[in-house]
Amino acid sequence: MNNDGNTTEPRLGRGTARTGVWFVGARGSVATTAVAGCAAVTAGMHPPTGMVTETAPFTGTGLPSLASLVFGGYDTVSCPLPKRAEHLTEAGVLPHGLAGAVRTDLAAADREIRPGGPLAGDTRTDEELIAAFATDLESFRERHALARVVVVNVSSTEPLPGPDAVRLPPSSLYAAAAVRTGCPYVNFTPSTGLRTAALTDAVAASGLPHAGRDGKTGQTLLRSVLAPMFVQRALSVRAWSGTNLLGGGDGAALADPAAAAAKNAGKERVLADTLGHSPEGEVHIDDVPALGDWKTAWDHIAFDGFLGSRMVLQTIWQGCDSALAAPLVLDLARLVARAHEAGISGPLPELGFYFKDPDGGPAGLSEQFTALLSFAGRLRETR
């Protein structure tokens, strides 16, 4: 720390490569928590709780160090990261004193945030927007002499485009810019991103590693553990219903039925893929502004036991999504950056552990974790 209590930029060894992490939604709760958390862990103020890449199986895999990460990105809101971190402290997401302790790191990341778009009244075409975003990425990479930049989408969920849409959704514009500039891509949201026919050929030709859609942080994480249990014990699930109560930016965004439908598709896919059928029941998402950045997820599972006995399992998950998501986002940025360095290209089903809608691979969390550990071994072999 310096004399005013703020952390300074970590000192790296001479010749140490640095990796850029370019957030789409860079002033949101997840990105702010990730930047603050990375600085806190690097400075030794907090342990890397929740970061799988900081556990023993990933030793020697050559992942970029947390100290080597340089942050920037896009956001359409103007609240600077230091102030956003203060708001998260008031909400109980960040521990007291952390925002001030890592203010220098937050301010440095905030200076690298651009408005993005399209903003209200923006008349630029898709091609003009993609070109502008690509210029931003190239400038960021050159300005910091970065070995590579990973683009990570952590923005609010957007509605899925209709079949007659003539414009690409914003998430796909950012993804197209990543492909154009040779940047690996991670989609931690249910939004379209790379998964549009308009980008299929460009993605295949790019040779870039890319990962998933929609991060698996709370309710669906629990579903991916419980659903295999019912299958393995030969118990018949008749219905699986759920409710999400949440506030903050996610609550407001998911109050839109189209955005909620995009979000729920991933939750339902986990059950269908694991159980082999779609049980009765739906997930309802309610915006409760008073909850702020916290949420409650409730599941009601009706299943049959021996001789048709009717049984019920109920679960309640209460937590803070940004605190759950931030360590996973840091994991993914490091893993995909290392895959790029190792010359691994295309979709990464081995990272399905982190996603509701992965790029193939097994559906159960245990099997996904085994695949992730195998991927760690593959990275270790390429050093």
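Scoring rules and cut-offs
Here the residue numbering is sequential within each chain, running from 1 through the sequence in written order. Only residues with pLDDT of at least 70 are given local features in this predicted model, and only at 80 or more are side-chain atom pairs given and counted; all residues enter the totals for whole chains, interfaces and linings. Hydrogens and water molecules were not included; the side-chain quantities draw on all heavy atoms of the structure. Only protein chains enter the accessibility calculation, which uses a 1.4 Å probe; a residue is then buried when its area is under 20% of its type maximum, exposed when over 50%, and partly exposed in between. A helix here means a DSSP run of H or I that spans at least four residues, while a strand means a run of E at least two residues long, and both kinds are numbered starting from the N terminus. The pairing criterion for strands is at least two bridges between them, as found by DSSP. We call a crossover right-handed when, viewed with both strands directed away from the observer, the connection leading from the first strand over the helix to the second proceeds clockwise. Contact between two residues is taken to exist if any of their heavy atoms lie within 4.5 Å; hydrogens are not considered. Under this scheme, a helix contributes an axis fitted over its contacting stretch, all axes are lines through C-alpha atoms, and angles between N-to-C directions fall in the 0 to 180 degree range. Put simply, the grid is 1 Å and covers the protein atoms alone, a cavity is a trapped set of points that fit a 1.4 Å probe, a pocket is an open set with protein on both sides within 12 Å along at least five of seven lines, and lining residues have an atom within 4 Å of a point. Grid points are joined across faces, edges and corners, and a volume is the space filled by probe spheres set on the points. Amino acids are sorted into nonpolar (Ala, Val, Leu, Ile, Met, Phe, Trp, Tyr, Cys and Pro), charged (Asp, Glu, Lys and Arg) and polar (every other residue, Gly among them).

Moving on, we come to the pairing of strand S4 (residues 148-153). In the case of a regular strand, side chains alternate between the two sheet surfaces. Where burial is concerned, most of S4 is hidden: 6 out of the 6 residues are buried. Side chains Arg-148, Val-150 and Val-152 project from S4 onto one buried face, and the interleaved Val-149, Val-151 and Asn-153 project onto a second face that is buried too. Sheet topology note: the strand S1 (residues 19-24)/S4 ladder contains 6 bridges and is parallel. Considered in S4, the bridge of Trp-22 is made with Val-151. The pairing of S4 with strand S5 (residues 185-187) spans 3 bridges and is parallel. Looking across to S5, one finds that Asn-153 is bridged to Asn-187. For the segment spanning S4, helix H6 (residues 170-180) and S5, crossover handedness is right-handed.

Read from one edge to the other, the open sheet built from 7 strands follows the order S3-S2-S1-S4-S5-S6-S11, with strand pairing classed as parallel. With partners counted over all chains shown, the strands left at the sheet margins are strand S3 (113-114) and strand S11 (346-347), one partner each. Running at roughly 160° to strand S2 (residues 69-74), helix H5 (residues 126-143) makes contact with S1, S2, S3 and S4 of the sheet.

A few words on the layout of surface pockets. The space that makes up the largest pocket amounts to roughly 910 Å³. Residue lining of the largest pocket: 45 residues in total, with Gly-28, Val-154, Ser-155, Ser-156 and Asp-250 positioned closest to the centre. At the level of secondary structure, the elements contributing two or more residues to the lining of the largest pocket comprise helix H1 (29-42), H6, helix H9 (248-254), strand S9 (294-304) and helix H11 (321-341). For the lining of the largest pocket, the element with the highest residue contribution is H9, accounting for 4 residues. Split into classes, the residues belonging to the lining of the largest pocket amount to 16 nonpolar, 18 polar and 11 charged.

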